[in-house]
Amino acid sequence: GENVEQHPSTLSVQEGDSAVIKCTYSDSASNYFPWYKQELGKRPQLIIDIRSNVGEKKDQRIAVTLNKTAKHFSLHITETQPEDSAVYFCAARMDTGRRALTFGSGTRLQVQP
Amino acid sequence: DARVTQTPRDKVTEMGQEVTMRCQPILGHNTVFWYRQTMMQGLELLAYFRNRAPLDDSGMPKDRFSAEMPDATLATLKIQPSEPRDSAVYFCASGLVIGRGSYEQYFGPGTRLTVT
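Calculation criteria
Within every chain, residues take consecutive numbers counted from 1 along the sequence as written. Note on labels: chains are lettered from A, ligands numbered from 1, in written order. This being a predicted model, a pLDDT of at least 70 is required before a residue's local features are given, and a value of 80 or more before pairs of side-chain atoms are given or counted; all residues contribute to the totals for chains, interfaces and linings. With hydrogens and water excluded, all non-hydrogen atoms of the structure serve as input to the side-chain values. Paired strands are those between which DSSP finds at least two bridges. Counting from the N terminus, the helices are DSSP H or I runs at least four residues long and the strands are E runs at least two residues long. All axes are obtained by fitting lines to C-alpha atoms, using only the stretch in contact for helices, and the reported angles, taken between N-to-C directions, cover 0 to 180 degrees. Whenever Lys or Arg places a side-chain nitrogen within 4 Å of a carboxyl oxygen from Asp or Glu, that contact is recorded as a salt bridge. Remark: exposure states derive from per-residue accessible area (1.4 Å probe, protein chains only) relative to the maximum for the residue type, with buried under 20%, exposed over 50%, and partly exposed in between. When two cysteine sulfur atoms are found within 2.5 Å, that pair is recorded as a disulfide. Should any heavy atoms of two residues lie within 4.5 Å, those residues are considered in contact. As a working definition, buried area equals the accessible area (1.4 Å probe) given up by two parts on being put together, with both sides summed. Polar contact is the term for a pair of N or O atoms within 3.5 Å; when the atoms are in protein, one must be able to donate a hydrogen and the other to accept it, and sequence-neighboring residues count only if both atoms are side-chain atoms.

Draft legend 1. Broad picture of the sheet that holds strand S1 (residues 4–7) of chain A. Residues and elements named next belong to chain A. Taken in spatial order, the 5 strands of this open sheet run S1-S3-S8-S7-S6, and their pairing is antiparallel. Edge positions in the sheet fall to S1 and strand S6 (56–59), since each of these pairs with one other strand and no more. With strand direction ignored, the average angle separating the axes of adjacent strands in the sheet is 15°.

If you want it as structure tokens, here you go:
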């Protein structure tokens, strides 16, 4: 089955700096890679996803990059703000209806004002 | 703004008691997932259903856990008997799958279970 590793487990940045979280996956058949943000005591929320037919996707201050050859993908947050502080989870799966997501272990991001 | 709902939001119970958690997927979604979240294990998939039929429940301890979908608008997760190690937040998520196509999944607010 799929195995997803996520680094770092904690990340502290100053407001306005960039943050990068990296994930690697094991199953070369995986081709759907979402990122979820979970604020304290709340549900994980989908913030961005990428499919393997593209190498990069952007949404305002958030971008995700994918390297299928190396089997890794990354979340980039630019101009970080205190409200970006949360736990971020990456996930991977084969993009068919019969597979479930495998999640990374999460990264706790702290943005210092 | 359609959302997955879960009840109860918090449950405190004594070891040995039965616990039932309920989930209402987003209307029209045909795939439902149950996850357990702990500090040590992160987000673990327990089971998931497509069109009310179980697709995979290999992540679920079968001796005490059971998951069902009595109808398309209700999924249940039961623990009997409950143990302190079951203390966690249980999330339900749902998605709409058409054929072999792609889908996104959306999480409910979770049920925080504490077994004393």
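Draft legend 2. Representation of the sheet that holds strand S8 (residues 74–79) of chain B. Residue and element names in this part refer to chain B. In spatial order, the strands read S1-S3-S8-S7; together these 4 strands make up an open sheet with antiparallel pairing. Each having just a single partner strand, strand S1 (5–7) and strand S7 (65–71) make up the two edges of the open sheet. This sheet shows a mean twist of 20° between the axes of neighbouring strands, independent of strand direction. Inspection of the sheet shows S1 paired to strand S3 (residues 19–24) by 3 bridges, in the antiparallel sense. Bridge assignment links Thr5 to a residue of S3, and that residue is Gln24.

Draft legend 3. Structural context of the pattern of salt bridges. Residues and elements named next belong to chain B. A full pass over the atoms with the stated rule returns 9 salt bridges over all chains. A salt bridge links Arg64 to Glu83, with the shortest nitrogen-to-oxygen separation between them at 3.5 Å. One end of the pair, Arg64, is in the loop between strand S6 (53–56) and S7; the other, Glu83, is in the loop between S8 and strand S9 (88–95), with 19 residues separating them in the sequence. A residue is classified by how much of its surface remains accessible, and Arg64, at 9% relative accessible area, is buried. A cluster of three or more residues bridged by salt bridges with shared partners is formed by Arg64, Glu83, Arg85 and Asp86.

Draft legend 4. Representation of the pairing of S7(B) within the structure. Residue and element names in this part refer to chain B. Looking at chain direction, S7 and S8 are connected through 5 bridges and run antiparallel. Bridge pairing links Ser66 to Lys78 in S8. Hairpin connection of S7 to S8: 2 residues between the antiparallel strands.

Draft legend 5. Representation of the state of the cysteines. Within the structure shown, the criterion is met by 2 disulfides over all chains. Disulfide partner of A:Cys23: A:Cys90, at an S-S distance of 1.9 Å. With the S-S dihedral at roughly -100°, the linkage between A:Cys23 and A:Cys90 falls on the left-handed side. Here A:Cys23, found in strand S3 (residues 19–25), pairs with A:Cys90, found in strand S9 (residues 86–92); they are 67 residues apart in sequence, far enough to count as distant. You'll find A:Cys23 and A:Cys90 in the same group, each marked buried. Covalent S-S linkage joins B:Cys23 and B:Cys92, the inter-sulfur distance amounting to 1.9 Å. On the S-S bond that ties B:Cys23 to B:Cys92, the torsion sits near -60°, and the link is left-handed. With B:Cys23 in strand S3 and B:Cys92 in strand S9, this pair connects stretches of sequence that are 69 residues apart.

Draft legend 6. Spotlight on the side chain of A:Thr107. Residues and elements named next belong to chain A. Looking at where Thr107 falls in the secondary structure, it is placed in strand S11 (residues 107–112). The buried category is assigned to Thr107, whose relative accessible area is 0%. Those residues within four positions of Thr107 in sequence are excluded, and the remaining contacts are Gln6, His7, Pro8, Ser9, Leu11, Ile21, Ala86, Val87 and Tyr88.

Draft legend 7. Molecular detail of the interface of chain B and chain A. Contact with chain B, which involves 21 residues of that partner, is made by 20 residues of chain A. The contact between chain B and chain A buries some 1,900 Å² in all, and 49% of this surface belongs to carbon and sulfur atoms. Across the contact surface, chain B and chain A share 0 salt bridges. On inspection of chain B and its partner chain A, the count reaches 4 residue pairs in polar contact (both at pLDDT 80 or more). The greatest single-element share of the side of chain B that touches chain A, amounting to 4 residues, is contributed by strand S5 (residues 42–50) of chain B.

Draft legend 8. Structural view of unusual backbone geometry. Each neighbour pair has its own omega, and for A:His7 with A:Pro8 the value is -5°, a cis peptide bond. When you line up the elements, A:Pro8 lands in the loop between S1 and strand S2 (10–14). Put simply, B:Thr7 and B:Pro8 share a cis peptide bond, and its omega is -10°. Assignment of secondary structure puts B:Pro8 in the loop between S1 and strand S2 (10–13). Here A:Lys71, not a glycine, exhibits a phi torsion of approximately 55°, which is positive. You can see A:Lys71 is positioned in the loop between strand S7 (62–67) and strand S8 (72–77). Here A:Lys71 falls in the partly exposed class, since its relative accessible area comes to 26%. In this structure, B:Arg52 is a non-glycine residue whose phi angle is positive, near 75°. Structurally, B:Arg52 is set in the loop between S5 and S6.

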